[in-house]
Structures are given as C-alpha cells and as structure tokens.
Amino acid sequence: EIDRVVAHGPIDFDGLSELPLTKQVLEESMRLHPPVWFENRNVKEDIEVGGAILPKGSIVALSRYSLHRNGNFWKSPDAFIPERFDPEDKENYVSTKSTAIYIPFSRGPRACIGRHFAMLEMLVILATLLSRFRIHATEIKNDSFTARLTIEPKNHLPVRFELRA
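Calculation notes
Starting from 1, residues in each chain are numbered consecutively following that chain's sequence as written. Residue-level local features of this predicted model are given only where pLDDT is at least 70; pairs of side-chain atoms are given and counted only at 80 or more, and the full residue set underlies all totals for whole chains, interfaces and linings. Think of the side-chain values as coming from all heavy atoms in the structure, minus any hydrogens and water. Patch membership is restricted to residues that have no salt bridge and whose relative accessible area is over 30%. Joining uses 9 Å for like charges and 5 Å for the nonpolar side chains Val, Leu, Ile, Met, Phe, Trp and Tyr. With residues, only the protein chains shown are counted as cover, and all accessible areas are computed by Shrake-Rupley using a 1.4 Å probe. Salt bridge criterion: a side-chain nitrogen from Lys or Arg within 4 Å of a carboxyl oxygen from Asp or Glu. Starting at the N terminus, helices and strands are each numbered in turn, a helix being any DSSP run of H or I of at least four residues and a strand any DSSP run of E of at least two. With a 1.4 Å probe rolled over the protein chains alone, any residue whose accessible area is under 20% of its type maximum counts as buried; one over 50% counts as exposed, and the rest are partly exposed. To form a nonpolar core, buried Ala, Val, Leu, Ile, Met, Phe, Trp, Tyr and Cys residues must be joined to one another through side-chain atoms within 4.5 Å. Every residue pair with non-hydrogen atoms within 4.5 Å of one another is taken to be in contact. Aromatic contacts are taken between Phe, Tyr and Trp rings whose centres are within 6.5 Å, Trp giving its six-membered ring; a plane angle under 30 degrees counts as stacked, one over 60 as edge-to-face, and the others as tilted. Note on geometry: a ring has a charge over it if NZ (lysine) or CZ (arginine) is within 6 Å of the ring centre and within 35 degrees of the ring normal.

### Topic: a nonpolar patch on the surface
Next, step 1: On the surface, Ile-125, Leu-129, Ile-135, Leu-157, Val-159 and Phe-161 cluster together into a nonpolar patch covering about 490 Å² of accessible area.
Next, step 2: One can find Ile-125 in helix α5 (residues 115-132).
Next, step 3: Ile-125 gets classed as partly exposed once you look at its relative accessible area, which sits at 46%.

### Looking at the nonpolar core
Next, step 1: Counting 18 residues, the largest nonpolar core has Ile-11, Leu-19 and Trp-74 as its most contacted members.
Next, step 2: For this core, the elements supplying multiple residues, two or more each, are α1 (2-6), α3 (20-32) and α5.
Next, step 3: Ranked by the residues each element gives to this core, the list is headed by α5, at four residues.
Next, step 4: Those residues in contact with Leu-19, other than ones at most four positions away along the chain, are Glu-1, Ile-2, Val-5, Ile-11, Leu-123 and Ala-127.

### Quick notes on the packing of aromatic side chains
Next, step 1: This model, assessed by the stated rule, comprises four aromatic pairs.
Next, step 2: Ring plane angle 55 degrees and centroid distance 4.8 Å describe the contact between Phe-85 and Tyr-102, whose orientation is recorded as tilted. Separated by 17 residues along the polypeptide, Phe-85 in the loop between α4 (64-67) and α5 and Tyr-102 in the loop between α4 and α5 bring together distant segments of the chain.
Next, step 3: Given the relative accessible area of 5%, Phe-85 is considered buried.
Next, step 4: Look at Tyr-102 and you get buried, because its relative accessible area is 6%.
Next, step 5: Members of the aromatic cluster, connected to one another through ring pairs, are Trp-74, Phe-85 and Tyr-102.
Next, step 6: Taking the ring centre of Trp-74 as reference, the NZ or CZ of Arg-31 above it sits at 4.9 Å.

Spatial relationships are all this shows, so hold off on functional conclusions.
This is the structure in structure tokens:
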C-alpha cells in the first residue's frame, strides 16, 4: 500500500484515501494508546446513572484507556487488530462515526477541534516514514506504563530505523 501510493513522489491529498490499512493501523494504535487517556466533565443537573444519583456540580471522570480496552465492547481488547476499523470486515468492524466506545479525540461538542487535521498529519508522517524506513521495535524488558497527561512507557520504547532499498 505504501509503495504503491508513495512510488511517484510525496503523498498528495488524493493519495491519502489510498491508505486504508495505514489508517486502520493508526486508529487501532489510538484505541490502545489514546492521545489523552482520560477526560472529565461537570454534571449540569442531577442525573441517575446505573442506579446512582450524580448531583449537579459533580465531576465525572472517564478513562478512554479503559473504555478502549473494555471486553464488553471489544473482542480481544488488548490485542492489536487493525481490521477492527476495516468496513469490509463485517465480523470485527467498529464504525468510528457512530459509536461512543471509540473516542480517542473525545466526542460531541467538546471533541478535539483538530482531530481531522491530526489524523491527516499522522497518516502522512507514518506513510512517509514507512516509505523510507523499516521500523523495528527492540525487545521491551518491562512493558509497564506511567500515566501523566498521556500514557508513556516507563522504560522508553526503543526502536531501530533501517533504510529501505
């Protein structure tokens, strides 16, 4: 896919639609590691949720990281399966437009205003890198993470770039 699209030079806007697998890889990566792992909202009025009353003014926190790995919504939730975002894969497909279980950039009126630009930017950068390099993750000795604004590997994630012929 990358070789076909990038074969004639830099990626142009039309070429982006010819990168469906690359886009699926990005979407699955953001499911497993969302840009920001949590968000919070203030309750505007008393509301019942799951049998509990949340009074007006309460702060509700939502973990995107946990939602995106919830086994009630995702088959093999910790596995990397880019086909989840392939509209042709009827068994696994998760629509990024009609569901609230995949919210890497939040959702509704408070969704990230730059989400479309960010996706385009990531797609161009990833495709450009993959057209020039083979990227190899080196062995991870300890895959624990630390949660700050973003979730980061505690011990870094060493990778090796190899020039493609």
